[in-house]
Structures are given as C-alpha cells and as structure tokens.
Amino acid sequence: GRRKLLQMASVPMGKGDSQWAWLGDMELDDTLLGLGAAGIFPTPPLAVGFLVNAAHCAEKSSGDNAVMKASEMYREKRVFLDTFFRGSFFAVLDRYAKAGKSRGWVGDLIAEELARLGVAYGLTDELSEWIERVVDAQPSVLHLLLSGPLIGRGREVCQALRERLLDKTQIVFWTYAGSFNLTHSSEEDRQSLRDLFESSPRVSMVETTLKSGSWLCDPSRPFWGHACPTAWTLEEAKTNAVGFDMSTDIQSVNMFLEKYSSTTDGAPKRGLRWIFQQIADAREHAASELGVSSLGARTTSVAQLLEELELRSLTTNLTAMVNPSSGSMGKVRDALGAAEQAQLEAAHRKAVELLEALPGRGGGSSSAAGASVQEATRAAQAYAELYRGQHGDFHEAGCVECFPKDKPYSGPRLDKRCILRCMAQGQLQGGPTADLLVVLALLLHLRSIDPAVAAAAPSPARSAAGSAVEVEVPPVCCSLLCASNVLAGETSRTGQVPLCRSLPSETEALFRLQPGSATLPYVLMTDLVPGTEMNEGAKMALAPLVDAAAIAAVFGARRLQATAGSTAPWGLPRIGS
C-alpha cells in the first residue's frame with residue numbers, strides 16, 4: 001500500500017502543481033502548524049478554514065435570559081489569525097447539533113441555535129468559499145491539513161472533494177487525531193471521511209496522534225510509541241527518568257521545543273519565546289527598511305501576544321488545573337509532607353492575588369496592588385515547588401499511584417506534572433504538542449509522499465552575524481541546511497536545501513511510515529520505530545527534527561508576512577472585525 005501511494009504521489013496531473021490548504025480550530029498548536037507548513041511548502045496556502053467550534057468559541061451568560069456570546073478563547077484564536085495570518089481566513093461554523101453530553105452545554109443546542117451563533121462571532125459561514133478557492137486551483141496534488149474537529153461539516157467537505165476534485169487531483173490528508181478533535185466530530189463526519197477513502201485510491205492520509213485516538217487508523221499508534229507511554233508507575237519513572245520526563249514534556253509545546261532542540265552554551269533556548277522574538281525582530285527590521293514605524297497593528301503585537309499567553313496560561317493553571325482544592329489532585333497532596341501541605345493554601349492565595357492585581361486585570365487585594373508580572377510568576381513558582389514531592393521532581397503528580405481510584409483518568413496524569421514543572425521553572429506551558437506532530441510528519445515524510453513539492457520547497461537563508469532578518473540556524477545543526485550532509489543533486493543554488501529534505505539519516509531512522517489500516521490501504525500512520533528507547537542518544541538524534549520545526553515556523557511567518565498584495569489570498573480579510 002505504501003509503495004503504491006508513493007508512486008501515485010509523483011505522477012503530475014491536472015493543470016496546477018502541488019498545493020496545500022488547511023482546516024484548523026486555531027489554537028496555539030494549530031498556529032504553529034500553519035506557520036510550520038508555510039515554511040515547508042513552496043507556496044502559501046490556497047485556503048485557510050477556521051473551524052469555529054462552539055464548545056470553545058461560545059459561552060452562555062447565566063440567568064433566566066441567557067445570551068450566547070463569543071468567548072475569550074474565541075478572541076484568542078482571532079488574535080492568532082490576525083497576528084500571524086494577516087487576519088485572512090474562511091469561517092467554517094459549527095453545525096454539530098444535539099451532540100449530547102460529550103460536548104458539554106453545546107451538546108444541547110439544536111441546529112437553529114448553532115446557526116445563530118454566527119451573529120455572536122460577527123461571522124457568516126464561508127465553507128462554500130473555502131471549497132471554491134480549493135477547487136478553482138485544480139492542483140495536481142492537494143495536501144489538506146486537518147487540525148481540528150469537523151464539527152458537523154465533514155459530509156460537505158468530503159462530498160466537494162469527491163465530486164469536484166478527485167477526477168484530476170490526488171488528495172493527501174495530514175491529520176492530528178486528538179481526542180478533542182474526535183469528540184467534536186459527528187459520527188456522520190467520520191463516516192463521510194471513511195466513505196471518501198473507500199471511494200477512490202486517489203485519496204490518502206498521514207495520521208498522527210499523542211494517545212490512542214484515530215480518524216481512520218486501526219489500531220492507532222501514538223507518535224512516540226512505547227518510548228513515551230501515557231501511564232507510569234513510580235518505579236518505572238525512577239528507572240527511566242529520560243523517558244518519564246519526555247512523556248511529561250510533550251504535554252507542553254514550549255517545553256518540548258526548548259528541551260529537545262539543539263543546545264549551545266550561551267545560545268537562547270529555541271522555544272516559543274525564541275520563535276516569537278525572531279518573528280517580531282524580522283517585522284521590526286522590515287518596517288525600518290520601509291521607513292515606517294510598523295507594518296500595521298498586527299506586526300507590533302507579537303511580543304504582547306506572548307506575554308498575554310503566558311499570563312493566561314498561568315492563571316488557568318493556577319485556578320483550574322492544579323489549585324489546592326482540586327479533587328483530582330487529592331492523592332498528590334496526601335503524598336506531600338505536612339509542612340508543604342500546610343503552606344499550599346496561603347501560597348496559592350498569594351500567587352492568585354498578585355495575578356489579579358496586575359495592571360488591566362481589575363482585581364486583587366489592596367496589599368497586592370501594583371504587582372509586577374515577575375512577582376506573580378515568582379509566587380506561582382513558590383506554590384508549584386511545594387508539590388516537588390519526596391522523590392524530588394514532581395513524580396507523584398504524574399504517576400498512577402496518585403490517580404483517584406474511582407476516576408483513574410481524571411487524576412494527576414502527565415499533564416498535571418507538566419503544568420507544575422513549567423510553573424516551577426517560570427515557563428509557559430502552552431498546551432500539548434498535538435498539532436505540532438503534523439509539522440514533524442511533514443518534515444519527515446513529505447519528501448517521500450510528494451517528491452515534486454519537496455524539490456520545489458524554498459530554503460531558509462542562514463543567519464548573518466547580528467542579523468535580525470535571516471532565520472537563526474542552530475550552530476550544532478548546520479547539517480540541516482548544509483549541502484555536504486544531503487544527497488548529491490539536492491542542493492539549492494545557495495548550497496542549502498529545503499527543510500523537508502534536510503534531516504540527517506540518524507534522525508529519519510528514528511521514525512517509520514506504515515500502513516495504518518487493513519481495509520484502507522492508503523491510510524498511513526507515522527510513529528517512532530518500535531524498540532526505540534528515549535535516552536540521551538535518542539534525544540541527540542531527535543534534535544535536528546525539533547530544530548527544523550522551530551525554524552519552519554519562523555520562516556513560514558516571514559513568508560506569509562511577505563506575500564504580495566494588500567490582502568492575503570488564503571481567505572477573506574477582516575482584521576479588527
């Protein structure tokens with residue numbers, strides 16, 4: 001099945017070349033996927049579809065006359081779109097009605113109520129426009145990135161692809177099968193996807209997942225395989241500290257980027273702050289070159305956006321995830337010493353009051369008035385440190401011995417340990433790696449799936465000393481962009497290679513691409529090679545892949561910003577709406 005797929009992918013058909021389009025729900029990990037893809041593919045996206053999931057994007061006021069309105073999370077998603085994608089997208093509104101308890105309060109809404117939510121967002125449904133933009137291009141190969149739930153729109157998407165594209169176009173889905181995405185996709189959505197694959201050998205999928213969820217693979221295989229299991233005993237954690245830490249760190253996109261990219265003495269860690277700073281510096285330089293103060297409001301907001309993300313993440317984690325009254329953390333607290341338990345309430349109260357007293361947040365006690373972000377962060381660090389535990393590194397917060405017996409999957413889990421470790425280090429968590437896995441899959445396998453698009457992909461320039469414009473290539477991973485370390489004949493005119501053709505052989509050897517379904521031969525799953533142990537050697541081999549993902553995001557942001565035209569062609573412009 002895999003050999004046939006690769007043979008098909010290299011056959012040029014239709015009037016266009018390989019192109020890509022995207023459907024995502026626009027959280028932070030989606031944003032990194034969109035930026036990374038823009039740095040990997042040779043062209044901007046044909047169309048960006050914003051999956052406006054009501055479960056995240058709407059909220060209902062309390063009282064007898066409850067009114068539905070746009071949520072803070074919706075506004076955050078719009079900020080991502082405005083800041084990094086020039087405010088241009090096609091809105092795809094939620095049509096998954098009467099879904100039941102799995103979708104929370106939204107699951108009670110009927111179709112008419114969901115339809116009225118467009119007014120709350122100030123949006124109209126634009127799925128048909130997204131489809132027209134994709135169909136009109138008639139690419140020979142369409143790479144379709146799916147990084148969100150189908151929210152009741154799967155039948156329309158799959159029908160349009162089958163009836164209007166498949167006769168001339170090969171379609172490759174690149175997906176993340178997270179449990180949230182699956183929960184907020186209807187049974188009809190998933191069956192429509194399956195029917196599309198059963199209808200034609202010209203449609204294929206590369207699927208990734210962190211846990212056991214799957215769109216079409218059966219059985220599913222987590223991306224990190226057995227090297228990073230989702231459940232650990234205390235004894236297993238002490239025996240394999242590297243594996244336990246990585247299983248925890250992949251619950252934080254920021255921690256993953258920082259800890260598993262290449263490190264050099266004195267060089268900044270290449271996490272979210274590095275990515276955002278690189279983007280901000282390039283925009284400032286571009287504005288200076290044009291002799292203007294900025295390139296528009298969105299170009300000056302990158303640093304501010306990062307600060308807001310850090311504060312929002314810290315507030316959510318303190319008040320909702322690891323607060324001292326959390327029932328799911330009960331056994332973790334019981335495992336602490338008496339002195340630490342006695343300090344939890346006061347330490348937590350101090351951190352929350354300092355956060356509430358920050359300028360513009362409109363709260364906090366008089367004693368905390370005028371607090372700084374640094375003071376609030378230090379107070380949160382002090383609170384998190386109380387959970388360090390008898391084993392010294394928050395083991396109890398991530399091991400099964402401290403799971404509630406009645407609700408084993410509602411307990412500390414690895415994400416709780418991740419939150420506490422990030423908080424103790426004063427670091428942004430940023431949610432799990434999730435959709436970033438699709439970037440890793442593109443870097444690993446695009447060259448095999450579609451050799452033509454990989455050959456046409458652009459190469460990031462190497463950083464000149466002191467330059468704020470070119471992508472800063474990690475010194476220990478110059479092999480990423482160096483002709484001497486790639487196959488003969490694959491260098492660009494500058495002696496460099498595209499990111500999707502730049503990984504060392506020892507990095508590529510860590511992963512495999514295999515058929516993921518006995519009944520659907522063109523559904524592929526990518527994961528870590530079985531038997532791989534996550535040790536220091538594996539981390540070193542993994543580093544070039546993580547470096548490439550960070551560089552792709554920076555490169556992609558700069559390419560999207562530089563796309564010609566007053567409006568971005570991948571959607572409808574609406575900054576400030």
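Basis of the calculations
- Here the residue numbers are simple positions, counted from 1 along each chain's written sequence.
- Since the coordinates come from a predicted model, pLDDT governs what is reported: local features require at least 70, and pairs of side-chain atoms require 80 or more to be given and counted, while whole-chain, interface and lining totals use all residues.
- Side-chain numbers here rest on the full set of heavy atoms in the structure, without hydrogens or water.
- Strands are runs of DSSP state E lasting at least 2 residues, helices are runs of H or I lasting at least 4, and numbering of each runs from the N terminus.
- Three exposure classes are used, based on accessible area relative to the maximum for each residue type with a 1.4 Å probe and protein chains only: buried under 20%, partly exposed in between, and exposed over 50%.
- Two residues form a contact once any of their heavy atoms are found within 4.5 Å.
- Only the protein chains shown count as cover for residues, and all accessible areas are computed by the Shrake-Rupley method using a 1.4 Å probe.
- For a helix, the expected span equals 1.5 Å multiplied by the number of residues minus one.
- Working note: the arc is built from the helix axis to C-beta atom directions.
- A pocket, in this scheme, is an open set of points on a 1 Å grid over the protein atoms alone with protein on both sides within 12 Å along at least 5 of 7 lines, while a cavity is a set where a 1.4 Å probe fits but cannot get out; residues line either one if an atom lies within 4 Å of a point.
- Grid points are joined across faces, edges and corners, and a volume is the space filled by probe spheres set on the points.
- Gly is put with the polar residues, along with every residue not named as nonpolar or charged; the nonpolar set is Ala, Val, Leu, Ile, Met, Phe, Trp, Tyr, Cys and Pro, and the charged set is Asp, Glu, Lys and Arg.
- The rule for pairing is simple: two strands pair if DSSP sees at least two bridges between them.
- Here is the rule: rings of Phe, Tyr and Trp (six-membered ring for Trp) pair when centre to centre is within 6.5 Å. Planes less than 30 degrees apart are stacked, more than 60 are edge-to-face, and the remainder are tilted.
- By definition here, charges over rings are those cases where NZ of Lys or CZ of Arg is within 6 Å of the ring centre and within 35 degrees of the ring normal.
- What is meant by a nonpolar core is a set of buried Ala, Val, Leu, Ile, Met, Phe, Trp, Tyr and Cys residues, joined one to another through side-chain atoms within 4.5 Å.

Undergrad: Got a minute to help me understand the overall build of the chain in this structure?
TA: Secondary structure summary: the chain contains 22 helices and 11 strands in total. Per-residue burial over the chain gives 56% buried out of 577 residues. Within the chain, residue pairs in contact and separated by at least 24 positions form 75% of the contacts whose partners lie at least 6 positions apart. Roughly 23,100 Å² of accessible area belongs to the chain as shown, and the carbon and sulfur atoms make up 51% of that amount.

Undergrad: Please explain helix H9 (residues 187-199) as it appears in this structure.
TA: For an α-helix, 3.6 residues make a turn, and residues three or four places apart therefore share a direction. If you check H9, its first and last C-alpha atoms are 18 Å apart, about what 13 residues at 1.5 Å a residue would give, namely 18 Å. All of the buried residues along H9 are Asp189, Ser192, Leu193, Leu196 and Phe197. Along H9, the residues classed as buried sweep out an arc of 135° about the axis, all on the same side. Opposite the packed face of H9, turned more than 90 degrees from it, sit the exposed residues Glu187 and Glu198. Contact partners of the buried residues in H9: helix H7 (154-164), strand S7 (170-176), strand S8 (203-208) and strand S10 (523-528).

Undergrad: What is the right way to read empty space enclosed by the protein from this model?
TA: The gaps of empty space that remain are located by a probe, the size of a water molecule, rolled over the atoms. Scanning the model with the defined rule gives 1 cavity of 30 Å³ or more in all. In this model, the largest cavity occupies a volume close to 40 Å³. Looking at the largest cavity, the residues that line it are Leu23, Leu144, Leu146, Leu150, Val157, Cys158, Phe173 and Leu193. Taken together, the elements giving at least two residues each to the lining of the largest cavity come down to strand S6 (141-147) and H7. Looking at the lining of the largest cavity residue by residue, the class counts come to 8 nonpolar, no polar and no charged.

Undergrad: Sorry if this is basic, but what is going on with the pairing of strand S1 (residues 19-24) here?
TA: One face of the sheet, then the other: side chains in a regular strand alternate in exactly this way. Burial analysis of S1 places 6 of its 6 residues in the buried class, the great majority of the element. Burial along S1 is two-sided: the residues Gln19, Ala21 and Leu23 and Trp20, Trp22 and Gly24 are all buried. Relative to S6, S1 runs parallel, the two being bridged by 6 bridges. Bridge pairing in S6 places tryptophan 22 opposite leucine 145. Here S1 pairs with strand S2 (residues 48-52) via 3 bridges, running parallel.

Undergrad: Please explain the packing of aromatic side chains as it appears in this structure.
TA: The geometry of an aromatic ring pair is captured by the separation of the ring centres together with the interplanar angle, meaning the angle of the planes. By the definition in use, this model includes 14 aromatic pairs. Positioned above the aromatic ring of phenylalanine 555, the side-chain terminus of arginine 559 is 5.6 Å from the ring centre. Positioned above the aromatic ring of phenylalanine 89, the side-chain terminus of arginine 574 is 4.0 Å from the ring centre.

Undergrad: Looking at this structure, I do not really get the pairing of S8. What am I missing?
TA: In terms of burial, S8 is a largely internal element, 6 of the 6 residues being buried. Neither face of S8 is open: one carries Val203, Met205 and Glu207, the other Ser204, Val206 and Thr208, and all of them are buried. Judged from the 6 bridges that link them, S7 and S8 form a sheet pairing that is parallel. Within S8, the position partnered with phenylalanine 173 by the bridge is methionine 205. Here S8 pairs with S10 via 3 bridges, running parallel. Residue methionine 205 lies in a different strand from S10, and its bridge partner there is valine 523.

Undergrad: Explain the nonpolar core to me, please; I cannot follow it from the model alone.
TA: The tendency in soluble globular proteins is for nonpolar side chains to be buried side by side. Residues Tyr121, Trp174, Trp224, Ile275 and Phe276 are the most contacted members of the largest nonpolar core, which totals 100 residues. A per-element tally of this core places helix H22 (residues 536-562) first, with 14 residues. Tryptophan 224 has contacts with Leu210, Met246, Ile250, Phe256, Leu437, Leu440, Phe511, Leu528 and Leu542, leaving out every residue within four places of it along the chain. Membership of the second largest hydrophobic core comes to 38 residues, among which are Leu46, Val134, Leu182 and Leu196.

Geometric descriptors of this kind do not, in isolation, establish any biological role.
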